[in-house]
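Each chain, written out:
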Amino acid sequence: MINWWKKWTQPNEQPKQEFKSISALFEQAKKSKDFVHYKINNEHGSVWISYIKTLVDTNMLQRDILPTIQSNNKQSLEEIKGTVPIGNVKITDDIEEIKKKLLGGSVIIQVKDQSNKCVIIKAQSKSGREVAAPEIEFSVLGPKEAFVESIDTNLHLIRKRIPSLQFTVKEMKVGTTSQTRVAVLYVEGIANQENINTVLQRIDSIDFDHVTDSSFITQLIADDQNSPFPQLLDTERPDRVSAVLNEGKIAFVIDGSPQVLIGPTNFIEFFSSFEDYFLNWHIASAFRLIRMFSVFFSIFATPVYVAVLTYHYELIPKDLVSTLVTSRSAIPFAPILEALILELAIELLREAGARLPTKVGQTIGIVGGIVIGTASVEAGLTSNVLLIIVALAALASFTTPVYKMGNTIRLIRFPFLLFAQIWGLLGIVLCFSFLLVHLLRLQSLGRPYLEPIFPPRIPDLKDTIIRLPFSSQSLRPLNLQTESTVRFKKKKAKKKKDIDE
């Protein structure tokens, strides 16, 4: 009985495979159908070639590697290394390194079949989609390039925008089975060394078997993994990444993910679009204010409706009382049930539209919203006033530029609805207090999440709720504690020079 209990309560970890010889490694690899291991004979002896064909560029193999080996009249590994017309060639007898290179798309060449010493030739196949325009963060103005799944392509898109020797890339691998490449990017001399060490330490301490996307990294290194708020900003725009790197932030590029992570970040940054910097500062500030108003309207509109109709009739204007009475005269449900029905219907339509193919999803969203909304009002299940409020609140939630923050905004409406039903407007204030305390305690890579509002940093307000002109943004954010705080000389930027007549 005790042994049975231990079997089900104690986790069984997968044993780590360690190979003592290259032949043992190849015996394990031969269990897979796509592993290739064969011998090439020439006048001076035999050469053994091993690779995984689904990872190797067959054109490079047939064009550059095999003809050179077949025509080679030498039989030492050093001479094979010198004749192969490929730059990344290495000789080693480290079994662990041979295993990693084999699984990374390299070709293994042996002069003696049982020898552990071999030549490793990098011949990885680079297949993937081409660089295209952004889909989530699309903008009318500005560059039309977005990240793809290839880490090398993404690094190229960033590197060409920061042609500086101070731009530093440190690569690590995460995932015990996936061995996913993660590149940490920063500008040396600008980024705070404490932030860099924090990022490197957290990524190095990740103990997870399979990491396939940047979302995994976000959840694994977040300061508070139980918070619904994203603590790292994800973007698909190379221009945005290059801009924040010059501010002193740190970026994470993950192989296989078209989203690059940025940190430390703050709450306000999730409501600013990078297109704001392509517009005049007056227009950009107006758009940011609209987004902030939309967020508050999306969260509080429906809870205020429930609270007022349940507890606070005296707050309704006299001219509006008759309209509300008429709209609710045949409704058999309490305001909270009425609101939950519509909110859940909106979320069901949104989820169905997101999961269906693009054209079908758009049709379902439009037609389904019209049909369900009209039918629910005519059937007397919901009032037309609440239908308008819920529709506007759902529309307002989509103005958030960052998708993950938009999901959070839609989620936190439901606790506000429950508090509004229990305690009315006092419940809304109480729920907002809990939310505010949570945001005050939240951090992003050890930095305050509500900066520059709390702790208050007046100089950093120049690019938050409103965006001041570039000439007023001569200093980097104080929250990042960068090594170099000055971006440019303010007096020199404001000085205008006219052509001498």
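What counts, and at which threshold
Residues numbered from 1 in each chain as written. Predicted model: local features only at pLDDT ≥ 70, side-chain atom pairs only at ≥ 80, totals over all residues. Heavy atoms only, no water. Helix = DSSP H or I, 4+ residues; strand = E, 2+ residues; numbered from the N terminus. Rg over C-alpha atoms; globule rule 2.2 N^0.38 Å. Buried < 20%, exposed > 50% of the residue type's maximum accessible area, 1.4 Å probe, protein only. Areas by Shrake-Rupley, 256 points an atom, 1.4 Å probe, with all protein chains shown as cover. Lys, Arg positive; Asp, Glu negative; His and termini not counted. Charge placed at Lys NZ, Arg CZ, Asp CG, Glu CD. Phe/Tyr/Trp six-rings, centres within 6.5 Å; stacked < 30°, edge-to-face > 60°. Lys NZ or Arg CZ within 6 Å of the ring centre and 35° of its normal. 1 Å grid on protein atoms, 1.4 Å probe; cavity = no way out; pocket = protein on both sides within 12 Å on 5 of 7 lines; lining within 4 Å. Points joined across faces, edges and corners; volume = space filled by probe spheres on them. Nonpolar A, V, L, I, M, F, W, Y, C, P; charged D, E, K, R; others polar. Pairing = 2+ DSSP bridges. Axes fitted to C-alpha atoms, helices over the stretch in contact; angles between N-to-C directions. Salt bridge = Lys/Arg side-chain N within 4 Å of Asp/Glu carboxyl O. Contact = heavy atoms within 4.5 Å. Polar contact = N/O pair within 3.5 Å; in protein donor to acceptor, adjacent residues only side chain to side chain. Expected span 1.5 Å × (residues − 1). Bend = angle between axes of the 7 residues up to and from the residue. Core = buried A, V, L, I, M, F, W, Y, C linked by side-chain atoms within 4.5 Å.

Draft legend 1. Molecular detail of the overall build of the chain. From N to C terminus, the chain includes 18 helices and 12 strands. Against the compact-globule benchmark of 23 Å for 501 residues, the chain has a radius of gyration of 30 Å, which places it well outside the compact range. Residues counted as buried form 44% of the 501 residues belonging to the chain. Carbon together with sulfur atoms contributes 59% to the accessible area of the chain, which is approximately 27,500 Å² in total. Of note, the chain has its 57 positive side-chain charges centred 3 Å away from the centre of its 51 negative side-chain charges.

Draft legend 2. Broad picture of the packing of aromatic side chains. Counted by the stated rule, this structure contains 16 aromatic pairs. Look at Phe 270 and Tyr 449: their rings are 6.3 Å apart centre to centre, the planes differ by 45°, and that puts the pair in the tilted class. Of this pair, Phe 270 sits in the loop between β10 (260–263) and α10 (281–311) while Tyr 449 sits in the loop between β12 (447–448) and α18 (490–494), placing them 179 residues apart in sequence. Taking relative accessible area as the criterion, Tyr 449 reaches 0% and is therefore assigned buried. Ring pairing ties together the aromatic residues Phe 229, Phe 267, Phe 270, Phe 271 and Tyr 449, which thus form one cluster. Of note, Arg 467 hangs over the ring of Phe 470, and the distance from its end group to the ring centre comes to 4.8 Å.

Draft legend 3. Up close: empty space enclosed by the protein. Scanning all chains against the criterion turns up one cavity of 30 Å³ or more. Space inside the largest cavity adds up to approximately 60 Å³. Lining of the largest cavity is provided by Ile 136, Glu 137, Asp 234, Gln 259, Pro 401, Val 402 and Tyr 403. The residue inventory of the lining of the largest cavity, partitioned by class, reads four nonpolar, one polar and two charged.

Draft legend 4. Here's a closer look at unusual backbone geometry. With an omega dihedral of 10°, the bond running from Glu 451 to Pro 452 counts as a cis peptide bond. For the peptide bond that leads from Phe 454 to Pro 455, omega is -5°, which places it in the cis range. Not every positive phi belongs to a glycine, and Gln 179 is a case in point at roughly 50°. Relative to the helices and strands, Gln 179 is located in the loop between β6 (167–174) and β7 (180–187). Phi is positive for Gln 481, which is not a glycine, with a value near 50°. The exposure class assigned to Gln 481 is partly exposed, which follows from its relative accessible area of 41%.

Draft legend 5. Local environment of the layout of surface pockets. Here the second largest pocket is characterised by a volume of approximately 1,100 Å³. Lining the second largest pocket are 41 residues, and of these Arg 350, Ala 394, Leu 395, Phe 398 and Arg 410 sit closest to its centre. Counting only elements with at least two residues in the lining of the second largest pocket, the list comes to α12 (335–355), α13 (358–378), α14 (384–397) and α15 (403–411). Looking at the lining of the second largest pocket residue by residue, the class counts come to 19 nonpolar, 13 polar and nine charged.

Draft legend 6. Highlighting the sheet that holds β10. Read from one edge to the other, the open sheet built from five strands follows the order β6-β7-β9-β10-β8, with strand pairing classed as antiparallel. The strands lining the two open edges of the sheet, one partner per strand, are β6 and β8 (233–235). Pairwise comparison of adjacent strand axes, ignoring direction, gives a mean angle of 25° for this sheet.

Draft legend 7. Geometry of the pairing of strand β2 (residues 45–52). By the criterion of burial, β2 is predominantly enclosed, with seven of the eight residues buried. Alignment of β2 against strand β4 (residues 106–110), held across three bridges, turns out to be antiparallel. When the sheet's bridge partners are listed, Trp 48 is paired in β4 with Gln 110.

Draft legend 8. Region of interest: the pattern of salt bridges. Under the counting rule described, the total for this entry stands at 23 salt bridges. Among the ionic pairs, Asp 64 bridges to Arg 63, the shortest N-O distance being 3.1 Å. A relative accessible area of 53% means that Arg 63 is categorised as exposed. We note a salt bridge from Arg 291 to Asp 276, for which the minimum N-O separation is 3.0 Å. Placement of the pair is Arg 291 in helix α10 and Asp 276 in the loop between β10 and α10, with a sequence separation of 15 residues.

Draft legend 9. Representation of the environment of Leu 61 within the structure. Of note, Leu 61 is situated in helix α3 (residues 58–70). Remark: the alpha-carbon pair of Leu 61 and Ile 121, spanning 60 residues in sequence, is separated by 9.8 Å. Look past the residues within four positions of Leu 61 in its chain and what remains in contact with it is Tyr 51, Val 56, Leu 66, Pro 67 and Val 107.

Draft legend 10. The arrangement of the side chain of Thr 302 in detail. Here Thr 302 shows up in helix α10. Side chain to side chain, Thr 302 and Glu 343 meet in a polar contact 3.0 Å long. Residues within four places of Thr 302 in sequence aside, it is in contact with Ala 339, Glu 343, Leu 386, Ile 389, Val 390, Ala 393 and Leu 417.

Draft legend 11. Highlighting α10. An ideal rise of 1.5 Å per residue puts 45 Å on 31 residues; α10 measures up with 43 Å between its terminal C-alpha atoms. In the structure, α10 departs most strongly from a straight axis at Phe 300, where the bend amounts to approximately 40° and where the proline Pro 303 lies between one and four residues downstream.

Draft legend 12. Main features of the nonpolar core. Ranked by size, the top nonpolar core spans 42 residues in total, and within it Ile 158, Leu 185, Phe 229, Leu 245, Phe 267 and Met 405 carry the most contacts. Per-element tally for this core: the top contributor is α10, with five residues. Contact partners of Phe 267, with chain neighbours within four places excluded, come to Phe 229, Met 405, Leu 439, Tyr 449 and Leu 450. Judged by nonpolar contacts, the second largest core, of 21 residues, contains Met 60, Ile 65, Leu 66 and Val 84.

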